[in-house]
Amino acid sequence: MLKNRYGILVLSGLIALLSIYFLSFSWISRSVQNDATDFATDAKGNVDYAKKQIYLDSVYTEPVVDVIGIKYTYKEIREQELQLGLDLQGGMHVVLEVSPVEIIRAMAANSNDSKFNQAIANAQKAQINSQDKFLNLFYAAYKEIGTDKPLATYFSNTSNKGKINLTSTDDEVLKIINEEIEGSIDRSFEILRARIDKFGVTQPNIQKLKGTGRIQLELPGVDNPMRVRKLLQGAAKLEFWEVWKEEEYFPYLQEADKILAAREDAENQLKTLESKVKKDTATKSDADALTEGLAGVSKPSAGIDSLLKTSADTTKSDSLSGKVSVIFRQLRSQYSLVYEVKDTARISKAFNDPDVKSIFPSNTKFIWGVKAQLGDDGKEYIEYYPIRTARDNKAPVEGDVVTDAMLDIAEGKPGVSMKMNSSGARKWKRLTADNIGRKVAIVLDGYVYSAPTVQNEIPNGSSNISGSFTIEEAKDLANVLKAGKLPAPIRIVEEAIVGPNLGKEAISQGLISSLAGFLIVVIFMFMYYNKGGAVANLALLFNVFFLTGILAQLNAVLTLPGIAGIVLTIGMAVDANVLIFERIREELNQGKSVIQAIKLGYDKAFSSIFDSNVTTLIVGIILYYLGSGPVKGFAITLILGIFTSFFTSVFISKEILVFLIGNSEKPNISFFTAFSKNVFSNTKWDLIGKRKLAYIISGVVITLGLVSIALQGGLNLGVDFKGGRSYIVKFEQPVVASDIRTFLADGFDNKGLEVKSFGSSNQIKVTTSYLVGDESTEADGMVETKLREGISKYQKGFEIMGSSKVGATIADDIIYTSYWSLLLSLAGIFLYVFVRFRKWQFGLGGVVALIHDALVVIALYSIAGLFGMNLEVDQIFVAAILTIVGYSINDTVVVFDRVRETMSENPKMDLAQVLNTSLNNTFSRTVVTALTVLLVVVTLL
C-alpha cells in the first residue's frame, strides 16, 4: 500500500512539473507578444500592427529565454505553447474540395458525347444523397444509361498515352482515373501548403481529411477573407525559366552595391549632423560634407546594414556584394544569393528599389525559393534566384504541356521523371539546347521549387531531374510538375470566419464562465461536505491544472467548446468525489470510524466511478473520430478530462485525506454540515411503484415534441445540416431582429432567411440559404454585399463579427456522421454494460434510458420553438446530445452497480425491492451530481 502511495505521489509530481514546464511556454509567448505590442504602440495608444509583426519577425529565430542553460527561440516557443482556436483569436476555417468532375472531363478530352455527359450529370445528382465516391457514382450512372461503349472509348487519347488504350478494360480505366483524382488531391495539398506558407499567417494548419477528397485549413488572424478565397481557389501557374549565372549578374550586383552603400553612408552622416545640431556643435563644413555625400544619391533607405549579411568568403565591408550576395557553400555547390528567412521582406524591398532595379538588365527578375534550409549556424536560409525573362515576360515553357511526372529512382537516388506533349517537347528541346550547363528554374505560383542544371539537349520531352532529393522531396516535385496538367478546380465547401473582436469576447466569456463555474462548485462542495468538500476542491484544482498542462504538452488547440469541455470536466470530477463521499457518509452512519469509512468509501465507489468514466470515454472517442472543427476540440478536452478527473478524484483526493489524518486515531475531518446532514437520509420512496406515472409524463412530453416538430415542418436545422451562409452582426445600438429581416427579405428573395438575436440586444445572427448551391467566391461576395446593403437601410453603424458557410454536399456528410455518432455511441455503451454486468437486460435497459433522455431533450428543444425560442440544431447540438448520453449512462451505471451489490447481499429480495433499495441508496448522489452539473451548465449558458 505504501509502495502504491509513493508511486502516486511520484507520478503526480512528474505530471505537475511537466505541466509547469509546458505551460511556461504559453506564458513566455504572451510576454514576447506583449513586448511587441508595446514596441508598436504610439504615444496615443494606437497599435501599428505592421510594426508589431516586424518586431516578432526580428526575434522569430532569436533566443528569447534561457531555461537551465537551454536557449529557446521565439519560433520554438510558439511551437510549444498552448494554441488558441480560431474562435478565441479570430481567423478563418476553410474546407476545400477538389472537383473530380473536371478531372474526369479533362481525361476524356472534354468529350461532347451526350451519354457520357448525362452520366456525369446523373452522378452529380446522386452525390447529394450518397457517401460513395463520385467515380463510383459516375460509373454506376454510365452503366444505367445502357451504352455498350467501353470507357476506353472516351479515355484513350494523347493525354493518357501509355496508360490507357482502346483495349483497356473498364476496371483498368477506372483505376487510372482514381489514381489521377487521388494525385490531384496530393498536388492541390502541396500547392495550397506553399501558398499558405507564403501568405504570412502565423501558425497555419493544413491537413487532408482522409477518405473525403477534402483539405482543411485553419488560418489564425486572417482579416481579409476575400483575398484568402482568391488565393486558395486560383489556378496553379507552373513555369520554366532560365537562370542567370553568377558571373553574369555579379557585376550588376556590385554596381547596385555602390548606390546602397552611398545611401547608407549618407544616412550615417545625416544622423551625425542631427546629433551635432542638437548639441549646437555643427559647423558649415559638416553641412557641406553631407551635401557632397548626398549628391547623386536617392532618398536614404534606413535599415540596410541590419538586413544584409556579410559574405562567408569576403572580409566585412559596407559593399552590397559583401553583404547581400551571401556565399553559403554548404547549401549550394555554386555561388548563390542566399539569405536568412527573417530578412526576406527587407531583401525584396532592397532589390525592388527603383535605383537598384535600373542597374540590372530589363530582362531580369528575382524569385524566392519555396523551401528554406538549415545552415550550419542553426539559422534558416533561403535562396533568391536571378531569372532571365523574355520581352513579353512569358515563360519559355509553361506547365500545361506537362503530361506526367513521377518519382524515379536511378542508381539508388530519388529523382523525378517528367513527360511533355508534342508542343511542349519542341519548346523544351529549344530551351534545353540553349541552356546546357545552366540552370532552369521550375516555378509554381511565383516560387522556385527546383533549379536543376541542364546536362544536354532533350529532344523528346522526356526528362529526368536529379539532385540531392529525399524521396519525399522528389514526390513533392513530381506533384508540382503535374500541377498544370489537369484542370482540378478547388471549391470552398465549408467556411467559418471569426473576427478578432468576436474572438476577444469569446476569451472573456470563456474565462469568466470557467472561473464562475469553478467557484460555484467549490462553494457548494464546501457547504455540503464540510472539510471533505475542501479536499475535493483541492483535488479539483489539481484536475484543472493537470488538464491544461496536458493540453499544452500535446500541442492541442484550445477552443471555446474546449473551454466548455474543461468546465464540464469539473462537473465530472465532482461526480466522482460525490460518489466517494456519499459512500463514506453511509459508512459513518453505520457507526464506522472515520478511517474505516474513508477506506471503505473509496473501495466501494471505485467500480461505479470506473464504469461511468469508461462509458463517457466511449462517447468522447466517437465524437473525436466522427466530429469535426469545434466538436473535435470539445471531444479532445472531454477525453483528457476523463483521465485527469479520474486520477485526481480517486487517487489525489485520497492522498490528501491520508495526509490530513496523519497518525491521529480520531481525525478532525467531517463530511457533514448542518445544511446537508439530514438531506435525503433514510429515504424509502416507492419509486418503482410510480413508474407508470413516469411513463405517462415522458410519453406526453415526447408526443408533444413530435407534434411540435411536425407543426414546424421539422427541427430548426442550422447551417451545418442544411447548407447555407450565416453571419454574426454587431450594432452600435440595440436592434429588433424582425425589423432587420424585413429589410433583408427582398435582397435574399426570402430564400430560407432567418434573423434572430444572438447573445445581446445589439447583436444578431443572419442565416440564409440564398445561393446555397453556388459555392464560388463570387457568390460569397454577392451574398455579403446584399447583407450589407439590406442592413445599411436599417442602421449604418454595424460590424460583421464572423461568418460561416457550409455547402450542400458537406451538410449531408455532417448529417450522416451525426447519425453514426449517435448509433455507435448507443451500441458501444450497450456492449460495455452487457459485458460489465453479465446480463443483456442491463445493457438494453441502459440504452432504452439513453434513447428516452435524448428524445425528451429533442422534444423540449422543439417545444421551445413554439414559444419563440429559435434554437438551432447543429453539430454542437449533436455533441450536447452525446454528452447528455454520457451523463445519463453515468447515473444508470451507478444505479446498476448498486443493484448488483444489493442482489448479492440480499439474494431472496424480489426485483422491485432490489430496485427501490438501490434507487433510494443512490438518490442523494444522483441529486447532488445533477445539481453541481446543472450549476456549471447554467453558468456556461
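Calculation criteria
Each chain has its residues counted from 1, following the order in which its sequence is written. At least 70 in pLDDT is required for a residue's local features to be given in this predicted model, at least 80 for side-chain atom pairs to be given and counted, and no such filter applies to totals for whole chains, interfaces and linings, which use all residues. Remark: hydrogens and water are excluded; side-chain values derive from all non-hydrogen atoms of the structure. At least two bridges found by DSSP between two strands are what make those strands a pair. Strands here are runs of E lasting at least two residues and helices are runs of H or I lasting at least four, both read from the DSSP assignment and numbered beginning at the N terminus. Side-chain rings of Phe, Tyr and Trp (the six-membered ring for Trp) are treated as a pair once their centres are within 6.5 Å; stacked means planes under 30 degrees apart, edge-to-face means over 60, and tilted covers the remaining angles. The criterion for a charge sitting over a ring is simple: Lys NZ or Arg CZ within 6 Å of the ring centre, and within 35 degrees of the ring normal. Angles shown run from 0 to 180 degrees and are taken between the N-to-C directions of axes, each axis being a line fitted to C-alpha atoms and, for helices, limited to the stretch in contact. Working rule for contacts: check all heavy atoms of both residues, and any pair within 4.5 Å makes them a contact. With a 1.4 Å probe rolled over the protein chains alone, any residue whose accessible area is under 20% of its type maximum counts as buried; one over 50% counts as exposed, and the rest are partly exposed. As used here, the term nonpolar core means buried Ala, Val, Leu, Ile, Met, Phe, Trp, Tyr and Cys residues forming a set that is joined through side-chain atoms within 4.5 Å. Each angle receives one of four descriptions, namely roughly parallel if under 35 degrees, roughly antiparallel if over 145, roughly perpendicular if within 65 to 115, and oblique otherwise. A pairing counts as a salt bridge when a side-chain nitrogen of Lys or Arg comes within 4 Å of a carboxyl oxygen of Asp or Glu.

### Description of the pairing of strand E16 (residues 447–450)
Examined bridge by bridge, strand E15 (residues 440–444) and E16 share three bridges and lie antiparallel to one another. Bridge pairing in E16 places Leu 444 opposite Tyr 447. Counting the residues between successive antiparallel strands, the hairpin from E15 to E16 contains two residues, one of them, Asp 445, with a positive phi of roughly 55°.

### Focus on the packing of aromatic side chains
Counted by the stated rule, this structure contains 35 aromatic pairs. Ring plane angle 80° and centroid distance 5.3 Å describe the contact between Phe 351 and Tyr 384, whose orientation is recorded as edge-to-face. Here Phe 351 is found in helix H15 (residues 344–351), whereas its partner Tyr 384 is found in strand E11 (residues 380–388), with 33 residues between them in sequence. Note on Phe 606 and Phe 610: the rings are 6.3 Å apart at their centroids and 20° apart in plane angle, and the pair reads as stacked. Here the residue Phe 606 and the residue Phe 610 both occupy positions in helix H21 (residues 594–626), the gap between them amounting to four residues, near one helical turn. Members of the aromatic cluster, joined through ring pairs, are Tyr 252, Tyr 339, Phe 351, Phe 360, Phe 366, Trp 368 and Tyr 384. Just above the ring of Trp 244 sits the side chain of Arg 388; from NZ or CZ to the centre is 5.2 Å.

### Description of the sheet that holds strand E6 (residues 214–220)
Pairing between the strands of a sheet comes from backbone hydrogen bonds, and it takes one of two forms, parallel or antiparallel. With respect to topology, eight strands assemble into an open sheet ordered E5-E6-E4-E18-E23-E20-E22-E21, the strand pairing being antiparallel. Sheet topology places strand E5 (205–209) and strand E21 (754–758) at the edges, where each strand pairs with a single neighbour. Strand-to-strand twist of the sheet, defined as the mean angle between neighbouring strand axes without regard to direction, takes the value 20°. Along the sheet, helix H25 (residues 737–745) contacts strand E20 (724–731), E21 and strand E22 (760–768); its crossing angle with E21, the most-contacted strand, is approximately 150°.

### A closer look at unusual backbone geometry
Positioned with a positive phi, Asn 110 is a non-glycine residue whose angle comes to about 50°. Look at Asn 110 and you get exposed, because its relative accessible area is 52%. The phi dihedral of Asn 530 is positive, around 60°, even though this residue is not glycine. Mapped onto the fold, Asn 530 is located in helix H19 (residues 500–553). A residue is classified by how much of its surface remains accessible, and Asn 530, at 22% relative accessible area, is partly exposed.

### Some points on the side chain of Ser 888
Inspection of the secondary structure puts Ser 888 in helix H29 (residues 875–905). According to the relative accessible area criterion, Ser 888 is buried, its value standing at 8%. Setting aside residues no more than four positions away along its own chain, Ser 888 makes contact with Ala 849, Leu 850 and Asp 853.

### Digging into the nonpolar core
Core analysis: the largest hydrophobic core is formed by 64 residues, its most contacted members being Met 525, Leu 551, Phe 581, Ile 584, Ile 598, Ile 609 and Phe 671. Elements represented by at least two residues in this core include exactly helix H1 (2–40), helix H2 (49–59), helix H3 (74–80), H19, helix H20 (560–589), H21, helix H22 (630–661) and helix H30 (911–940). Not counting residues up to four positions away in its chain, the partners in contact with Ile 609 are Ala 576, Leu 579, Ile 580, Phe 646 and Val 650. Of all hydrophobic cores here, the second largest spans 35 residues; its members include Val 619, Ala 635, Leu 638 and Val 873.

### With respect to the packing of helix H5 (residues 100–107) against helix H6 (residues 114–127)
One way to put it is that H5 packs onto H6 with a least axis distance of 11 Å and a crossing angle of 170°. Relative to H6, the element H5 is oriented roughly antiparallel. Residue-level inspection shows Val 101, Ile 104 and Arg 105 of H5 in contact with H6, the latter providing Phe 116, Asn 117, Ile 120 and Gln 124.

### Describing the pattern of salt bridges
Applying the stated criterion across every chain yields a total of 17 salt bridges. Put simply, Arg 925 and Asp 575 hold a salt bridge, and the shortest N to O gap is 2.5 Å. Highlighted residues: Arg 925 in helix H30 and Asp 575 in helix H20, separated in sequence by 350 residues. You'll find Arg 925 and Asp 575 in the same group, each marked buried. One salt bridge in this structure joins Asp 603 and Lys 599, with 3.1 Å as the shortest N-O distance. In this pair, Asp 603 and Lys 599 both sit in helix H21, four residues apart, roughly one turn of the helix. Each of the salt bridges in this network shares a partner with another, and the network as a whole consists of Lys 163, Glu 180 and Asp 404.

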